[in-house]
Amino acid sequence: MSKSAVYFGGVADHIKQDILQLLGYGQGELPFRYLGIPLATRKLKILEWQSLISKVIAKVTSWVEKKLSYGSNELTRKALVAWSRMCMPKTAGGPNLTNLKVWNKAAIAKTCWELHSKKDILWIKWIHEYYIKGKKITDMAIPQQGSWMVKKIFNAQEDMGNAEHQISGNKSKIRSIYLSMIGQLPKVTWKNLMCGNIAKPNEIFITWLQLQDRLLTATRLQSWGLQIDTTCHMCKQAEETKDHLFAECEVSNRIWSKLMRWIQIDWQAVKTGGEMQKWIEQRTKGKTKQAKIVKMIYIEFIYAIWIERNTRVFMKKEKASDTKAREIAYICHVRADEDLQRLLNIRFSIS
C-alpha cells in the first residue's frame, strides 16, 4: 500500500477525495520516479536516464573484471561471442535471447497495423480525430506536431507488411512478426545437443561456447597476444586446442571411455575432435532414451573437463580420471527424470 498511489487528471476535488477514501491509497503527483527515472508522457532526455545507465555499467563492469582476467596477464575485453549470434534461435546455433531492438520494431509494427485496422479502440479514435482527420494513412506525411511516440508509429509503415502476414483472425502476434523479421536461418548440425537437454543451464552454455571454439583455451589466448604456456595441462603432451582438450587428450579420453562403458555403449577412441563431434551428433538424434542420456552425459563431460582444466591451471590441483568419471555419472543420475533414472540404475557401475 505504501508504494502505491492514485494519479488524477482533470478530476474535481470532491471526486478525488471520494476515490482516495474508497481505495485507501495516497495521492501521487506527476512526474514520479521509478528506478531513479522520472516517468512522464514526453520523451526523456539522456541526462534523465543517466542514473540507470550508470548502475547498469557498474554491474557489467563487475562481471567483466570477474570473467575476463587470466592469471597475471593484462585484462582483455574481447567478446567471446558476437551479440547477433546470442540472439539466434537454438537451431541456428544461438542461445535464443530476444533481440530487443528487433522486438521493439515488431511491437511498433503491430501498433501501426492496429492504427490501420482497429478503429474502435479509444486511443486509435483519438489519433484519427487529431492527426489523420479522414486521410489515408499510407498517403499522409508523418505529423510533425505529434509526440515522439506518434511519429514512431507512423514511421513504422515499412515494417507493417510483416505484421499483415502474421495476423491470425483479428489478432497480430508480436512474436510472429519478430520471427518473420529475423527470417529463416541455417540450422547447425549440433542443434540436438542444445534442444531438450536436461543438463544444468550453465553447463549447456559452456558446451555451447566449446562447440563454437569460443572457450579460452591456451592457444586461443595466445592468438590474442598473451604470453602463456600452451601445453595441455591435462596430459602435458600436446598444445591445448579445443579439439585436443575435449577429444584427443588421453586423460579426457579415459574419462569418456569410462562413461561409455557405464551406459554400455561400444566406444572406439577417435583421432580428431571433428570425428568426436560427428559421433555425438549421430548419437543424439531423435527422442530416444539413449539419445537423451548421451546428450546429457556429453554436456556434463565437457563442463567437467573444462572445470578440471581450470583447477589444474589456477589452483594446481587435480583429480584422478576415475573420480571425475564417477562425479559425472552421479550428476547425470541426479539430473535424470524417473524414466532415465530407471535405465541408469540398471547400468550404474563404473569400473
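You'll find the structure just up there.
Rules and cut-offs
Residues numbered from 1 in each chain as written. Predicted model: local features only at pLDDT ≥ 70, side-chain atom pairs only at ≥ 80, totals over all residues. Heavy atoms only, no water. Helix = DSSP H or I, 4+ residues; strand = E, 2+ residues; numbered from the N terminus. Buried < 20%, exposed > 50% of the residue type's maximum accessible area, 1.4 Å probe, protein only. Contact = heavy atoms within 4.5 Å. Areas by Shrake-Rupley, 256 points an atom, 1.4 Å probe, with all protein chains shown as cover. Expected span 1.5 Å × (residues − 1).

J.: I'd like to hear about the overall build of the chain, residue by residue, with values.
T.: Counting secondary structure elements, the chain contains 17 helices and six strands. Among the 351 residues that make up the chain, the fraction classed as buried is 37%. Pairs at least 24 residues apart make up 54% of the contacts formed inside the chain by residues separated by at least 6 positions. Just so you have it, the chain exposes about 21,700 Å², and 53% of that area is on carbon and sulfur atoms.

J.: Any details on helix 15 (residues 289–315)? Residues and values, ideally.
T.: Across its 27 residues, helix 15 extends 38 Å between first and last C-alpha, which sits within 8% of the 39 Å expected from 1.5 Å per residue. Most of helix 15 sits inside the fold, with 19 of its 27 residues counted as buried. One or two residues past the end of helix 15 sits Lys316, with phi positive at roughly 60°.

J.: With reference to specific residues and values, describe the environment of Ile142.
T.: Residue position: Ile142 is located in the loop between helix 5 (122–132) and helix 6 (148–155). You can call Ile142 partly exposed: its relative accessible area is 30%. Residues Ile142 and Asn155, 13 residues apart in the sequence, show an inter-C-alpha distance of 6.9 Å. Among residues more than four places away in sequence, those in contact with Ile142 are Lys151, Phe154 and Asn155.

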